[in-house]
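# Commentary on secondary and tertiary structure
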Amino acid sequence: MPFTFIKATDNDRAYLLSLRKLTMVEHLERSGQFLSEEEHLFRLNDDYDLSHLITHDRQVVGTLKFREGDKQIEILQLQIHPDFQGKGLGQQVLEQVISSANPKDVELTVLKVNRALNLYKRLGFVIYGEDQFEFFMRKVAGAR
């Protein structure tokens, strides 16, 4: 069953902030980034209008924040709620995005310490740059 991406509203902010902390704090802190509540809110609110709730089997299972351009889709955030992790949902969401993006490339960033890096590599994303904390990755349209 495909996933549905529902545009987030102001009423979803509390859930998305909680989800962000549940899914990101561990990775951020392992990378040496200790964010305050205000910093989490700033990151949540940055391009908030691009945030979507991911639904599957009529349940909200996470969030996907993305920007669509002429030649690529940029995934700014993908978070699956811990209650639904380990079931392949993150991979399935990415596969759906990749499939619907064709013929556009898909780009994302991943913290260097995040185990999702392996998933992205398996799906054909390649590293094209990096900064102190993150790898910049791209899946070229049509590439395996």
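Let me sum up the structure you'll find in this document.

## Let's talk about the pairing of strand S6 (residues 126-130)
The side chains of a regular strand alternate between the sheet's two faces. With four bridges joining them, S6 and strand S7 (residues 134-139) adopt antiparallel strand pairing. Bridge pairing links Gly-129 to Phe-136 in S7. Here S6 folds back onto S7, and the loop between the two strands holds three residues.

## Digging into the nonpolar core
In terms of nonpolar packing, the biggest core is built from 27 residues, with Ile-54, Ile-75, Leu-78, Leu-94, Tyr-120, Phe-125 and Met-137 touching the most fellow members. The set of elements that each furnish at least two residues to this core consists of strand S3 (59-68), strand S4 (72-80), helix H3 (89-101), strand S5 (105-111), helix H4 (116-122) and S7. In terms of residues, this core owes the most to one element, H3, which gives six residues. Excluding anything up to four places from it in sequence, Leu-78 contacts Ile-54, Thr-63, Leu-64, Gly-90, Val-93 and Leu-94. Among the nonpolar cores identified, the runner-up in size contains seven residues, and Leu-16, Leu-17, Leu-44 and Tyr-48 belong to it.

Definitions and cut-offs
Residues numbered from 1 in each chain as written. Predicted model: local features only at pLDDT ≥ 70, side-chain atom pairs only at ≥ 80, totals over all residues. Heavy atoms only, no water. Pairing = 2+ DSSP bridges. Helix = DSSP H or I, 4+ residues; strand = E, 2+ residues; numbered from the N terminus. Core = buried A, V, L, I, M, F, W, Y, C linked by side-chain atoms within 4.5 Å. Buried < 20%, exposed > 50% of the residue type's maximum accessible area, 1.4 Å probe, protein only. Contact = heavy atoms within 4.5 Å.

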